[in-house]
Amino acid sequence: MPKQLNALKMSKKMAQAAISLSLLTGTVAAVLPANVAFAETQPEADTPLDKQNLKPLSVQSLEALENGVKLNLGDYQGFIRLFSEDMAKISVVKNGEAEFISPGIAKKDWKTPDFKTTETDQEYTLSTNEITVKINKSPFGVKFLDKQGNVINEDAAQGVGYENGKPYAFKKTDATENFYGFGEQSGGLNKRGKSLGMWNTDAYSYNKNTKYLYTSIPFFIGLKDKKAYGIFFDNTYRSYYEMASEKDDYYYFYANGGTLTYYFINGPEIGDVIDRYTELTGKSETPPMWSLGFHQSKWGYTPEELVNVAKTYREKKIPLDTMHFDIDYMDGYRVFTWNDQYKQALKTLKDDGFHAITINDPAVKQDENYRMYQEGSQNNYWAKNPDGSTFIGEVWPGKSAFPNFLKSDVRNWWSNNLGTLLNEGVDGIWNDMNEPAVFDGPFHTMPLDIVFEDDNGEKKTHEEYHNLYGHHETEATYNGFLKNKPNTRPFVLTRDMYAGTQRYAALWTGDNVSNWEHLQMSIPMNANVGLSGVPFVGNDIGGFAKSPGNVPTPELFARWIEVGAFLPFARDHYDNSAKSGLGSGQEPWEFGKEVEDISRKYISMRYELMPYLYNQFKESAKNGQPVQQPLVYQFQDDAKTYNIEDQFMFGDSMMLAPVVKEGQTSREVYLPAGETWVDYWTGEAYEGNQSITVNAELGTLPIFVKNNSIIPRQEVEQSTGEKKLENLILDTYLTDKASYSFYEDDAATLDYKQGEYNITDFHVDKKGSSIEFTQDKKTQNYTSDIKSYTLKLHNAEEPKKVQAADDKYAQAGSAAELTSLKSGYFFDSAEKVLYVKIPVNENHKVKIQ
Ligand code: GLC
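Reading the values: the criteria
- Residues numbered from 1 in each chain as written.
- Predicted model: local features only at pLDDT ≥ 70, side-chain atom pairs only at ≥ 80, totals over all residues.
- Heavy atoms only, no water.
- Buried < 20%, exposed > 50% of the residue type's maximum accessible area, 1.4 Å probe, protein only.
- Helix = DSSP H or I, 4+ residues; strand = E, 2+ residues; numbered from the N terminus.
- Pairing = 2+ DSSP bridges.
- Axes fitted to C-alpha atoms, helices over the stretch in contact; angles between N-to-C directions.
- Parallel < 35°, antiparallel > 145°, perpendicular 65-115°, else oblique.
- Contact = heavy atoms within 4.5 Å.
- Nonpolar A, V, L, I, M, F, W, Y, C, P; charged D, E, K, R; others polar.
- Salt bridge = Lys/Arg side-chain N within 4 Å of Asp/Glu carboxyl O.
- Phe/Tyr/Trp six-rings, centres within 6.5 Å; stacked < 30°, edge-to-face > 60°.
- Lys NZ or Arg CZ within 6 Å of the ring centre and 35° of its normal.
- 1 Å grid on protein atoms, 1.4 Å probe; cavity = no way out; pocket = protein on both sides within 12 Å on 5 of 7 lines; lining within 4 Å.
- Points joined across faces, edges and corners; volume = space filled by probe spheres on them.
- Expected span 1.5 Å × (residues − 1).

## Regarding the pairing of strand S19 (residues 322-325)
Next up, step 1: Of the two faces of S19, the one lined by Thr322 and His324 and the one lined by Met323 and Phe325 are each fully buried.
Next up, step 2: Pairing geometry for S19 and strand S20 (residues 355-360), over four bridges, is parallel. The residue bridging methionine 323 from the neighbouring strand is alanine 356, located in S20.

## Some thoughts on the packing of helix H13 (residues 516-531) against helix H14 (residues 554-564)
Next up, step 1: For the pair H13 and H14, interaxial distance at closest approach is 10 Å and the crossing angle is 10°. Considering the angle they form, H13 stands roughly parallel to H14. Packed against H13, whose contacting residues are Trp516, His518, Leu519 and Ile523, the element H14 presents Glu555, Leu556, Arg559, Trp560 and Val563 at the interface.
Next up, step 2: For the contact of H13 with H14, the class distribution of residues is six nonpolar, one polar and two charged.

## Describing unusual backbone geometry
Next up, step 1: Of the consecutive residues serine 138 and proline 139, the connecting peptide bond is found in the cis state with omega at -5°.
Next up, step 2: Of note, proline 139 is situated in the loop between strand S7 (131-136) and strand S8 (141-146).
Next up, step 3: Looking along the chain, the bond that leaves glutamate 435 and enters proline 436 is cis, with omega of -5°.
Next up, step 4: Mapped onto the secondary structure, proline 436 falls in the loop between strand S24 (428-431) and strand S25 (451-453).
Next up, step 5: One non-glycine residue with positive phi stands out, namely histidine 444, at about 65°.
Next up, step 6: Positionally, histidine 444 belongs in the loop between S24 and S25.
Next up, step 7: Taking relative accessible area as the criterion, histidine 444 reaches 3% and is therefore assigned buried.
Next up, step 8: If you check the backbone angles, asparagine 708 has positive phi at about 60° while not being a glycine.
Next up, step 9: Of note, asparagine 708 is situated in the loop between strand S39 (703-706) and strand S40 (709-713).

## Examining the pattern of salt bridges
Next up, step 1: Throughout the structure, instances matching the rule amount to 46 salt bridges.
Next up, step 2: Of the charged contacts, one joins aspartate 331 and arginine 334 as a salt bridge, the two residues approaching to 3.6 Å between their closest N and O atoms.
Next up, step 3: Residue class for arginine 334 comes out buried when judged on its relative accessible area of 17%.
Next up, step 4: Residue arginine 371 pairs with glutamate 375 through a salt bridge whose shortest N-O separation is 3.1 Å. Here arginine 371 and its partner glutamate 375 are both found in helix H8 (residues 371-378), four residues apart, which amounts to about one turn of the helix.
Next up, step 5: What emerges from the salt-bridge pattern is a single network uniting Asp202, Asp432, Glu435, Arg495 and Asp511.

## Side note on the sheet that holds strand S29 (residues 537-538)
Next up, step 1: Ordered in space as S29-S28-S27-S24-S20-S19-S18-S31-S30, the nine strands form an open sheet in which the pairing is parallel. At either end of the open sheet lies a strand with only one pairing partner, and these are S29 and strand S30 (540-541).
Next up, step 2: Relative to S19, strand S18 (residues 294-298) runs parallel, the two sharing two bridges. Bridged to histidine 295 within S19 is threonine 322.
Next up, step 3: In the packing of helix H12 (residues 469-484) onto the sheet, the strands contacted are S20, S24 and strand S27 (492-494), and the crossing angle to S24 comes to about 170°.

## Quick look at the packing of aromatic side chains
Next up, step 1: Using the criterion set out here, one finds 67 aromatic pairs in the structure.
Next up, step 2: Measuring from centroid to centroid gives 3.8 Å for phenylalanine 219 and tyrosine 277, while their planes differ by 10°, and the two rings are stacked. Taken together, the residues span a long stretch of sequence, with phenylalanine 219 in strand S13 (residues 219-224) and tyrosine 277 in helix H5 (residues 270-281) at a distance of 58 residues.
Next up, step 3: A relative accessible area of 0% places phenylalanine 219 in the buried class.
Next up, step 4: By way of ring pairs, the aromatic residues Phe336, Tyr373, Tyr381, Trp382, Phe405, Trp413, Trp414, Phe452, Tyr465 and Tyr469 are connected into one cluster.
Next up, step 5: One Lys or Arg, lysine 107, reaches over the ring of tryptophan 110 and ends 4.2 Å from the middle of that ring.
Next up, step 6: One residue, arginine 571, lies across the ring of tryptophan 430, its end atom 4.4 Å from the ring centre.

## Quick look at the layout of surface pockets
Next up, step 1: As a volume, the largest pocket reaches approximately 550 Å³.
Next up, step 2: Lining the largest pocket are 32 residues; nearest its centre among them are Met289, Thr720, Gly721, Asp746 and Ala747.
Next up, step 3: Of all the elements in the fold, those that place two or more residues in the lining of the largest pocket are helix H16 (610-623) and strand S42 (737-744).
Next up, step 4: Among the elements that line the lining of the largest pocket, the one with the most residues is H16, at four residues.
Next up, step 5: Grouping the constituent residues of the lining of the largest pocket by class yields 12 nonpolar, eight polar and 12 charged.

## Some details on empty space enclosed by the protein
Next up, step 1: Applying the stated criterion across every chain yields a total of six cavities of 30 Å³ or more.
Next up, step 2: Roughly 180 Å³ of volume is contained in the largest cavity.
Next up, step 3: As for the largest cavity, its lining consists of 20 residues, of which Glu285, Pro490, Tyr504, Ala505 and Phe536 are closest to the centre.
Next up, step 4: Each residue belonging to the lining of the largest cavity can be placed in one class, and the counts come to 14 nonpolar, three polar and three charged.
Next up, step 5: Within this model, the second largest cavity holds a volume of roughly 100 Å³.
Next up, step 6: If you go around the second largest cavity, you meet 13 residues; those closest to its centre are Trp299, Asp326, Asp432, Asp511 and Phe544.
Next up, step 7: Tallied by class, residues from the lining of the second largest cavity come to seven nonpolar, one polar and five charged.

## Re helix H15 (residues 593-608)
An α-helical turn contains 3.6 residues, so any two residues separated by three or four positions project in the same direction.
Next up, step 1: Across its 16 residues, H15 extends 22 Å between first and last C-alpha, which sits within 8% of the 22 Å expected from 1.5 Å per residue.
Next up, step 2: All of the buried residues in H15 are Val595, Glu596, Ile598, Ser599, Tyr602, Ile603, Ser604, Met605, Arg606 and Tyr607.
Next up, step 3: Lining the buried residues of H15 we find S18, H14, strand S31 (570-574), H16, strand S34 (654-656) and S39.

Below is the structure:
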């Protein structure tokens with residue numbers, strides 16, 4: 001290790017001790033330069049391709065396959081296989097080597113689509129109904145065309161192959177092409193011009209320039225001429241993406257080892273690409289509703305604090321579902337053990353109706369008297385040094401062994417052990433440190449030559465397995481639910497991912513920092529995670545890490561809550577540096593009354609929108625779409641959205657334009673073309689394709705709703721499931737017609753997989769001067785509590801009558817009176833809102849005239 005880096009290398013624990021010490025002595029800057037903690041955790045220097053050493057390949061002969069073609073490329077073999085009409089797998093491997101399939105792949109059996117082939121001296125083509133793959137023979141290169149004959153993606157002159165063992169692919173691009181996805185990345189939304197890397201890294205206190213973060217999702221979306229395609233580079237080694245960072249007309253990706261294996265996924269919609277990518281790597285599961293509520297966490301809560309903080313949420317009427325138990329709950333940081341006082345706190349919280357999540361780290365303390373260590377050692381469950389001895393590294397418990405999750409026995413052992421948490425009443429598991437982080441390892445992880453043996457006795461090095469370590473741990477954790485609580489929906493939160501981990505877990509973006517840069521960055525970061533097939537994502541609200549100058553001010557926290565209340569995963573979590581005097585508590589009431597009120601307002605709004613949010617997650621489970629969406633996702637025909645990263649869609653119909661800059665009290669909002677947008681607070685409507693300036697004092701989050709949309713809502717509750725959902729509110733913004741397909745199930749068990757759910761389609765149509773409401777009960781296999789709907793029409797006029805067949809609805813004197821009626825209506829003339837209460841079994845059209 002270079003001397004300089006050695007000097008920088010300081011474990012997180014030591015860094016924190018240094019902060020406390022320096023606060024006493026007043027030498028913070030000297031002891032801990034701002035970038036130390038981050039520099040320590042970045043991997044060793046990148047290994048660029050030697051461009052002089054690229055050797056173009058050419059096709060010497062070829063052989064048709066049942067689903068594609070096999071190419072003789074001299075020392076290599078190429079396989080181009082059609083998985084569907086819109087997807088092709090491209091592999092180039094050494095002669096004799098098998099094609100590669102990583103554990104990221106969920107669907108292995110594909111029905112070969114109908115396709116045609118043609119061949120000339122120069123070219124071989126494969127065409128489905130949707131795409132054509134043209135293979136140039138010499139030099140070897142592929143080109144993908146859509147069914148109109150447009151070239152969607154094409155190899156560049158440098159071609160594809162291996163440079164000194166490193167698989168690479170060069171692609172043509174031009175200045176009009178933009179790139180998105182790549183999982184969790186720092187920096188902005190559009191990755192054109194960027195150099196990106198993937199090597200799962202415990203990037204404590206990262207910043208907007210940090211290259212290596214916690215996850216590796218080697219998938220990206222190219223958008224050119226308003227058409228999108230995706231590339232999934234299925235390679236688990238450390239990989240690199242030069243996205244037109246060197247020149248405008250090419251980009252390339254490569255890895256430190258492994259094979260050249262990638263999937264080309266056709267669009268043309270971004271949503272199509274994600275749907276197909278997540279058909280390949282798996283969709284996220286429908287989460288339990290409670291996990292969509294608000295979460296509170298701190299590293300360092302005492303058992304009393306855990307209980308009291310939760311109680312304070314209730315007293316202050318700020319909704320909360322879940323308390324997190326950080327590493328403090330264990331006996332000496334030994335995984336799958338309890339400190340009794342925390343067990344008692346868990347019981348109290350559960351009795352009080354809260355949910356609980358416990359952290360779980362992979363490393364097992366090296367302690368001869370500890371059951372997990374004994375079992376792991378007896379059964380040969382550990383990652384090994386090259387000489388066959390157990391690899392031991394420092395993490396929170398001190399010297400520890402690391403489970404070899406590549407082995408299914410080890411994963412099963414881990415799943416079984418989860419009973420020690422789940423059977424005590426824990427509802428969710430939070431997998432941390434699973435890059436894996438090793439405090440005293442080189443570059444904060446294991447040496448690259450550590451060995452993992454698979455079920456067949458084959459050995460993989462850490463260099464190959466690293467980016468999959470957390471994936472397998474998370475799979476084991478997910479299966480721990482199925483084993484220990486068979487009909488309960490799992491909830492797993494993880495810090496580390498590979499492509500496909502969305503099948504098992506939600507992601508939080510690790511140890512962010514309490515500053516404005518992080519609040520700003522969280523929006524494009526989550527957007528790209530969402531575009532990479534992972535809808536359930538969130539950042540520590542208020543910021544996790546503290547350092548001098550990086551502590552949340554009331555203003556920062558309030559603005560963070562305005563964004564945070566709408567994160568797919570919404571958790572306030574912070575580190576224990578409060579103990580050392582850096583910052584105080586980070587619960588919403590710690591910043592004064594104004595911030596407490598703002599927190600209550602927006603967290604309550606999240607709970608009101610729970611039916612909408614839940615439905616949005618259901619959509620993600622169906623088609624992989626993000627919940628927090630960058631504007632480009634819905635508006636790829638509007639080029640003005642391509643770089644917008646301080647606005648986002650919260651689901652299909654609501655656009656948020658938060659203030660993420662200090663001192664700002666108004667902001668410009670871009671309204672995408674093709675829609676009319678209604679200001680959520682004022683009701684004013686604006687045509688799209690323009691920018692407007694709106695007021696955004698502290699406490700005001702600018703929100704715009706797409707006109708002609710329905711947003712299902714409920715009354716606020718203090719935790720999900722506190723009250724039965726008996727009246728569903730249908731917030732409707734209408735000038736023409738709107739519809740919504742509403743999904744409902746028990747929100748907690750897996751019974752929906754047996755068909756126990758309801759789908760009801762709502763239609764609200766304006767016909768001349770009247771408006772008609774219909775409900776169309778599609779699937780009704782779940783016993784719902786819903787007894788009525790309240791159609792809430794915004795910007796409405798007072799009706800003369802409201803009627804369903806012969807049944808004339810009564811006019812209520814107030815909104816409150818309406819709630820006591822079975823059916824009826826109330827017009828709020830001040831707000832211009834019409835409320836119509838409709839029984840759930842109303843079989844007729846409701847006509848508003
Ligand atoms: C890691 C996690 C953080 C957690 C801490 C202690 O830094 O990212 O969320 O609080 O470890 O367990």
